[in-house]
Amino acid sequence: MKISGAEILMRSLLKEGVEVIFGYPGGANMPIYDALYFYEKKLRHILVRHEQGAAHAAEGYARVTGKPGVCLVTSGPGATNLVTGIADAMMDSVPMVCITGQVAAEFLGSDAFQEADVVGITTPITKWNCQLTHAEEIPEAIAKAFYIASHGRPGPVVIDITKNAQFEKVEFKYPKNFYVNKLKTVNKYNSGDMKKAAEIINNAKKPLMLVGHGVLISKAEKEVLRVIEKTGMAVASTLHGLSSIPFDHPLYVGMLGMHGNYSPNKLTNSADVIFAVGMRFDDRVTGKLSKYVPTARVIHIDVDESEHHKNVRAHFPLLGNVKDVLISLLPHLKKNNHDDWLGEFKKLDKKELIWGKKRQEKNKNKITMDVVLSLLSKKTKNEAVIVTDVGQNQMFSARYYKYKNPDSYITSGGLGTMGFAVPAAIGAKIGAPKRLVFAVVGDGGIQMTIQELGTIMQEKLPIKILLLNNECLGMVRQWQQLFFEKRYSFTHMESPDFINLAKSYRIKGQKVTERKNLDQALNKFINFRGPYLLEVKVEKEDNIFPMVATGTSVDEVRLE
Amino acid sequence: MKYTVDIVTENKPGVLYRITGLLTKRKINIERINAFAVKGNGISNIYFTADIEERIVDTVVKQINKIIEVIEIKYHKVSH
């Protein structure tokens, strides 16, 4: 029986196991929405308020489920509104399949109403994209899109479907056991490589493992623990590696990078072996590159060959899926311990601890972001999913919430997209309905995608929004203070009454301005059944430290 | 340093755009380019010559090799 391209799309999505679509209808995807009308029981559709919200929600969904997030939008502005989210997914290796409507094939290139060159616009920010002008092309393109999005290093793909292809009727035939040759074999190492890599690790005196997003993506958390526990090596995490190792593991020395912990930054350059596992030596991690790990032997596991030697030359690159590589490596590793080396971290940790106590003393009756996040961590037994925005809220969430379970810290790391948190939390909550999901935002970021409160309202999603309001763009303000002689150029921001705004979306809320009310407000916030906005007025002139200033080496990390 | 990059790729629309995009990203200017479909087998050959910094050429070539349609890639220094 012949069915429309739009219905073929529905059936193809079901073949790929899709359960949720984040989207927004418009002229050029109306036939698809018409088909969805008959499939809404099988395919849950979340109507966002802006297409950027669909993209970030799809990212949030993908980050907690490991499955590609799906977006469905119309042509022209619908598609261009997705762009920030697609770029975000590309930078952070998030699997995502975006379906964009397009004007009918006969109008392509004629500047038709709501026409934009979506394939052209999204090429640099997708792993793969294509335009379909015939219904018969849809099944294979969808199979290919899902395969590409989720195999090798995950990423976003875009399928642009012209309106005539959505209407056109053909037989439905879905490809079986489809694969893309290029991504079929990602592991390119042999047992000889494993022996050599193990020898380097076994002979190390001061080995340091750096874990990144790749550990979470390949679900290699257990393997990482087995490797560190066997070899006794210290382990530090990148921003995206957070929550891959429980915060209280004795070998875990903290977060790396610009606003990471003191000891791992200070001691990275003292390590004799750097074992980089599923991380890409981002500039926020390495600080000044020419002064980064000048003497250590670097072993680098990555599934993406172009990441080897891109920023840091690896003496021993290993190409493959993190989990598979670690499983192959384990039998070659010798039992060892490095207590002296770990002692060096402990010594510096004390320094950070003393600094932290002084900071607490100084801010005793004030509310600062660290206080809020520490309390939230304690009150949620360190088990919540924290979806952050970008800026100080993101860094304080990274440092002061104590992550116990994997996939608990979700953030826009590579692109650094303000406005990420609220829509991404929507996707995360839908992907992990049993987990407690918090969006941690600032007064700047929340206003970039605040319309998604409407989506939360309509879907009745019990998402907790923690708004840390410092009445300014905190991170930029911090830099202005530190590096631009306190010229606070346009970082002061006046905001609406957020509680009333939430109320207009039928979302309950409370504002806290005094330290003595914080405890109780947090209790209510956490235990409330349903969505809730807690606005906490925090200190304006507060900074996130430690800090590795731009252009300095990681061992020049400063505490104030 | 001047390099010639030889690419064998599936003959699909947009591949050349992906390749040149990766060069544009790093402000690499193409000096010469030649692309032609191999008759009948859906394969295309693309050759280009460009001035590329020695320290990044390997990464750029590997990034081009990530393009799904690219089948094979080689590069060599152009002697003056």
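Being a predicted model, the structure only gives us computed values, none of them experimental. (Residues numbered from 1 in each chain as written. Chains lettered and ligands numbered in written order. Predicted model: local features only at pLDDT ≥ 70, side-chain atom pairs only at ≥ 80, totals over all residues.)

A. Examining the overall build of chain B more closely. The number of helices and strands found in chain B is two helices and four strands. N-terminal to C-terminal, the α/β element order of chain B is β-α-β-β-α-β. Taken over the C-alpha trace, chain B has a radius of gyration of 12 Å; the compact-globule value for 80 residues is 12 Å, and the two agree within 12%. Relative to its 80 residues, chain B shows a buried fraction of 20%. (Helix = DSSP H or I, 4+ residues; strand = E, 2+ residues; numbered from the N terminus. Rg over C-alpha atoms; globule rule 2.2 N^0.38 Å. Buried ≥ 20, exposed ≤ 12 C-beta atoms within 10 Å, placed from the backbone.)

B. Broad picture of the overall build of chain A. On a plain count of helices and strands, chain A comes out with 23 helices and 20 strands. For a compact globule of 560 residues, the expected C-alpha radius of gyration is about 24 Å, and chain A comes in at 24 Å, within 12% of that figure. Split into buried and exposed, the 560 residues of chain A put 53% on the buried side. Considering only intrachain contacts with a sequence separation of at least 6, the fraction spanning at least 24 residues in chain A is 78%. (Contact = placed C-beta atoms within 7 Å.)

C. Main features of the interface of chain A and chain B. Each side of the interface is counted separately: chain A has 11 residues, and chain B has 11 residues. The residue inventory of the side of chain A that touches chain B, partitioned by class, reads five nonpolar, three polar and three charged. (Nonpolar A, V, L, I, M, F, W, Y, C, P; charged D, E, K, R; others polar.)

D. A look at the sheet that holds strand 5 (residues 96–102) of chain A. All names here are of chain A. Strand order in this open sheet of six strands is 3-2-4-5-7-6, and the pairing throughout is parallel. One side of each edge strand has no neighbouring strand; the edge strands of this open sheet are strand 3 (44–47) and strand 6 (128–132). Strand-to-strand twist across the sheet, computed as the mean angle between neighbouring axes with direction ignored, equals 20°. Note that strand 2 (residues 20–23) and strand 3 share four bridges and pair parallel. Bridging across to strand 3, Phe22 finds its partner in Ile46. (Pairing = 2+ DSSP bridges. Axes fitted to C-alpha atoms, helices over the stretch in contact; angles between N-to-C directions.)

E. Region of interest: the packing of helix 12 (residues 221–231) of chain A against helix 15 (residues 322–329) of chain A. All names here are of chain A. Orientation of helix 12 relative to helix 15, taken along the N-to-C sense of each, is 35°, at an axis distance of 9 Å. The handedness of the crossing between helix 12 and helix 15 comes out as left-handed. Across from Glu223, Val224 and Val227 in helix 12, the residues of helix 15 making contact are Lys323, Leu326, Ile327 and Leu329. Taken together, the residues of the contact of helix 12 with helix 15 break down into five nonpolar, no polar and two charged. (Left-handed = near helix turned anticlockwise from the far one by under 90°.)

F. Spotlight on helix 2 (residues 30–39) of chain A. Along helix 2 of chain A, the positions that sit buried rather than exposed are Pro31, Ile32, Ala35 and Leu36 of chain A. One side of helix 2 of chain A carries all its buried residues, which in axial view fall inside an arc of 145°. (Arc of directions from axis to C-beta.)

G. Seen up close, the sheet that holds strand 16 (residues 409–410) of chain A. With respect to topology, six strands assemble into an open sheet ordered 16-15-17-18-20-19 (chain A), the strand pairing being parallel. If you trace the sheet from one side to the other, it starts and ends with strand 16 and strand 19 (508–512) of chain A, each paired once.

H. Spotlight on the nonpolar core. Cys71, Val277, Val387 and Ala439 of chain A are the most contacted members of the largest nonpolar core, which has 178 residues in total. Discounting chain neighbours no more than four positions away, the residues touching Cys71 of chain A are Phe22, Gly23, Ala54, Ala55, Ala58, Leu82, Met96, Cys98 and Ile99 of chain A. (Core = buried A, V, L, I, M, F, W, Y, C linked by C-beta atoms within 7 Å.)

I. Spatial organisation of helix 15 of chain A. With respect to burial, helix 15 of chain A is a largely interior element, six of its eight residues being buried. Looking only at helix 15 of chain A, the buried set comprises Val322, Lys323, Val325, Leu326, Ser328 and Leu329 of chain A.

J. Quick peek at the confidence of the model for chain B. All names here are of chain B. Residues at a pLDDT of 70 or more form 99% of chain B, whose mean pLDDT is 96. At the level of individual helices and strands, chain B shows its lowest average pLDDT in strand 2 (residues 30–38), which scores 96, and its highest in strand 1 (residues 2–10), which scores 98. As scored by the predictor, the complex reaches a pTM of 0.97 and an ipTM of 0.96. (pLDDT = per-residue confidence, 0-100.)

K. Region of interest: the pairing of strand 6 of chain A. All names here are of chain A. The buried count for strand 6 comes to four of five residues, which makes it a mostly enclosed element. Pairing of strand 6 with strand 7 (residues 156–162) involves five bridges; the strand directions are parallel. Within strand 7, the position partnered with Leu132 by the bridge is Ile161.

L. Up close: unusual backbone geometry. Residues and elements named next belong to chain A. Of the consecutive residues Phe545 and Pro546, the connecting peptide bond is found in the cis state with omega at 0°. With respect to the secondary-structure elements, Pro546 resides in the segment after strand 20 (532–537). The phi angle at His309 is positive, at roughly 70°, despite the residue not being glycine. Here His309 lies in the loop between strand 13 (297–302) and strand 14 (316–319). The phi angle at Phe490 is positive, at roughly 55°, despite the residue not being glycine. Positionally, Phe490 belongs in the loop between helix 21 (474–483) and helix 22 (498–504).

M. Looking closely at the domain arrangement of chain A. Residue and element names in this part refer to chain A. Here chain A is described as being made up of domain 1 (2–183), domain 2 (191–344) and domain 3 (364–537). If you average the C-alpha positions of domain 1 and of domain 2, the two centres end up 36 Å apart. The partner domain 2 presents five residues to the five residues of domain 1 that form the contact. Residue classes in the side of domain 1 that touches domain 2 are distributed as one nonpolar, two polar and two charged. (Domains from an automatic or database assignment.)

N. Highlighting the environment of Ser93 of chain A. All names here are of chain A. Mapped onto the fold, Ser93 is located in the loop between helix 5 (83–91) and strand 5. Look at Ser93 and you get buried, because 24 C-beta atoms sit within 10 Å. Between the alpha carbons of Ser93 and Phe345 there is a distance of 31 Å; along the sequence they are 252 residues apart. With sequence-adjacent residues up to four places away left out, Ser93 is seen in contact with Arg153, Pro154, Gly155, His213 and Ile217.

O. Representation of the packing of helix 3 (residues 51–65) of chain A against helix 5 of chain A in the model. Residue and element names in this part refer to chain A. At a minimum axis separation of 7 Å, helix 3 and helix 5 run at an interaxial angle of 25°. For the element pair helix 3 / helix 5, the angle class is roughly parallel. Contacts from Gln52, Ala55, His56 and Glu59 in helix 3 reach Thr84, Gly85, Ile86, Asp88 and Ala89 in helix 5. Considering only residue class, the contact of helix 3 with helix 5 consists of three nonpolar, four polar and two charged. (Parallel < 35°, antiparallel > 145°, perpendicular 65-115°, else oblique.)

P. Broad picture of the environment of Ser12 of chain A. All names here are of chain A. Relative to the helices and strands, Ser12 is located in helix 1 (residues 5–15). For the pair Ser12 and Tyr174, spaced 162 residues apart in sequence, the C-alpha separation works out to 7.0 Å. When residues no more than four places from it in sequence are discounted, the contact partners of Ser12 are Ile138, Pro139, Ile142 and Tyr174.

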